[in-house]
Amino acid sequence: MPPIRGYATKGPTSKLEPFAFERREPGPHDVLIEILYCGICHSDIHQARDEWGGAIFPMVPGHEIVGRVTRVGSKVTRFTIGEPAGVGCFVDSCRVCGSCKEGLEQYCEGPIVFTYNSTEKDGKTPTYGGYSSHIVVDENYTLKISPNLPPANVAPLLCAGITMYSPLRHFKAGPGRRVGVVGLGGLGHMAVKLAAAMGAEVTVFSTSPSKEPDARRLGAHEFVMTKDPQSLAALANRFDLILDAVSAPHDLNAYLNLLRRDGALALVGVSPKPLEVNAFSLILKRRTLAGSLIGGTRETQEMLDYCAAQNITSDVEVIPIQQVEAAYARTIKGDVRYRFVIDMKTL
Ligand code: NAP
Ligand code: ZN
Ligand code: ZN
């Protein structure tokens, strides 16, 4: 394999810059994918800046990958050369634990191999993500992408889309159910589109008043400005499900109190600092505080097929890779409409 071109950061305070590295020669079960687009997830920023701890540098972030297959291993059956293909947050898992057997590889008991900032199953070879020209992935961890959807807008489905689809299905969003979405960013805007398509009544909770028209266009029925505590108090005991996609510390109790009896708040956002829970916020109404991590390959494919059938994709701002640092800065400010996607031709 010729050297792969990408962008990497050397440490938590370094900038992303051009980086050449090796990938394995495709094996019998692997596909080689030429990357066309890669979304910028807030998790890329958390990890590039080592906000969760344990980061591996140099790091090539990126786990919202859409491209086209340019080579297939001798035993590959699901892909042919030229076909579109997608890669999400993980590229392998143990394949034998209960979670893997149930198609819930994201909860693998280990070793799971994340797309970047992780090591291959040998425990030492670092993985490098989608801010790069090509990736080699086992076909069983590669997703089928509809050729009918614009690839730049599909890329964010591979993380933002599945991260919201999975808890919406698990907690049974649908007609007659009130769903709240906290934080209208990359994840949040996918939650609004998906929950509305599933028939739920959707309320967006946001710190950004300028996002109200967009929230309604995306399918939200209500928009609540969270900087005004009165507006939250008035909605107590109303919601069946709240998906919390906020990337920073915030008051969870204010949202738990909006759940009706037996309602659930599923955290998907990963605040780098712990969040406090007041016991009364849960026990007075038998509420559930849950968490949810991306989705397995089976459910990710189901989500991609659902989005293709419903014509759902992400609202994106496509950027050249040279603007990745500026895109990070805007994402941190909540100024993203609603996902930055890197055009890999510009690499
Ligand atoms: P994003 O595009 O930056 O969106 C986050 C949104 O949260 C912002 O647009 C903003 O929305 C709101 N927000 C930001 N700072 C806030 C603050 N201090 N207080 C209140 N609200 C704030 O990020 P993303 O890519 O959607 O990711 C969101 C979080 O989910 C990140 O922590 C990411 O690591 C995590 N994540 C988790 C999973 C999983 O599997 N669980 C998968 C992917 C990402 P408003 O302007 O509307 O307030
Ligand atoms: Zn992500
Ligand atoms: Zn496993």
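Report follows, based on the coordinates. (Residues numbered from 1 in each chain as written. Chains lettered and ligands numbered in written order. Predicted model: local features only at pLDDT ≥ 70, side-chain atom pairs only at ≥ 80, totals over all residues. Heavy atoms only, no water.)

Moving on: the coordination of the zinc ion (ligand 3). In the first shell of the zinc ion (ligand 3), the protein supplies Cys-94 (SG), Cys-97 (SG), Cys-100 (SG) and Cys-108 (SG), at 2.3 to 2.4 Å from the metal. Sequence positions of the donors to the zinc ion (ligand 3) reduce to the motif C-x2-C-x2-C-x7-C. (Donors = N, O, S within 2.8 Å, 3.2 Å for Na, K, Ca; no water.)

What follows is about the pattern of salt bridges. According to the stated counting rule, one finds 25 salt bridges in the structure shown. One salt bridge in this structure joins Arg-177 and Asp-240, with 3.7 Å as the shortest N-O distance. Of this pair, Arg-177 sits in the loop between α4 (160-170) and β10 (178-182) while Asp-240 sits in strand β13 (residues 239-244), placing them 63 residues apart in sequence. Residue classification places Arg-177 among the partly exposed positions, given a relative accessible area of 28%. Put simply, Lys-193 and Asp-315 hold a salt bridge, and the shortest N to O gap is 2.6 Å. Remark: Asp-315 occurs in the loop between α10 (297-310) and β16 (316-320) and Lys-193 occurs in helix α5 (residues 186-197); sequence separation between them is 122 residues. Here Lys-193 and Asp-315 have matching classes, each one buried. Beyond isolated ion pairs, a larger network of salt bridges with shared partners links Asp-92, Arg-95, Lys-121 and Asp-138. (Salt bridge = Lys/Arg side-chain N within 4 Å of Asp/Glu carboxyl O. Helix = DSSP H or I, 4+ residues; strand = E, 2+ residues; numbered from the N terminus. Buried < 20%, exposed > 50% of the residue type's maximum accessible area, 1.4 Å probe, protein only.)

Right, let's get into the sheet that holds β13. Read across the open sheet, the six strands follow the order β12-β11-β10-β13-β14-β15; overall the sheet is parallel. Each of the sheet's edge strands pairs with one partner strand only, and the pair in question is β12 (222-225) and β15 (288-291). Recorded for the sheet is a direction-independent mean angle of 20 degrees between the axes of neighbouring strands. Where strand β11 (residues 201-206) meets β12, four bridges bridge the pair, whose relative direction is parallel. Within β12, the position partnered with Thr-203 by the bridge is Glu-222. Contacting β10, β13 and β14 (259-267), α4 crosses the sheet at an angle of about 160 degrees to β13. (Pairing = 2+ DSSP bridges. Axes fitted to C-alpha atoms, helices over the stretch in contact; angles between N-to-C directions. Contact = heavy atoms within 4.5 Å.)

Among the five residues in strand β8 (residues 134-138), four count as buried, and that is most of the element. Judged from the five bridges that link them, strand β3 (residues 30-39) and β8 form a sheet pairing that is antiparallel. Of the residues in β8, the one forming a bridge with Leu-32 is Val-136.

Quick look at the packing of aromatic side chains now. Two numbers describe a pair of aromatic rings. These are the distance of the centres and the angle of the planes. Under the counting rule described, the total for this entry stands at seven aromatic pairs. Summarising the aromatic geometry, the rings of Tyr-165 and Tyr-306 are spaced 5.7 Å apart at their centres and angled 55 degrees between planes, so their arrangement reads as tilted. Of this pair, Tyr-165 sits in helix α4 while Tyr-306 sits in helix α10, and the two are 141 residues apart along the sequence. The class of Tyr-165 is buried, set by a relative accessible area of 1%. Here a set of aromatic residues connected by ring pairs shows up, and it is made of Phe-19, Phe-21 and Tyr-128. Positioned over the ring face of Tyr-306 is Arg-169, at 5.1 Å from the centre of the ring. A cation over a ring is seen here: Arg-238 above Phe-239, with NZ or CZ 5.9 Å from the ring centre. (Phe/Tyr/Trp six-rings, centres within 6.5 Å; stacked < 30°, edge-to-face > 60°. Lys NZ or Arg CZ within 6 Å of the ring centre and 35° of its normal.)

Here the focus is the environment of Met-198. Relative to the assigned elements, Met-198 resides in the loop between α5 and β11. For Met-198, a relative accessible area of 8% gives the class buried. Along the sequence, Met-198 and Ser-208 sit ten residues apart, while their C-alpha atoms lie 25 Å from each other. Here Met-198 is in contact with Tyr-165, Leu-168, Arg-169, Ala-173, Gly-174, Pro-175 and Tyr-306, once residues within four sequence places are set aside.

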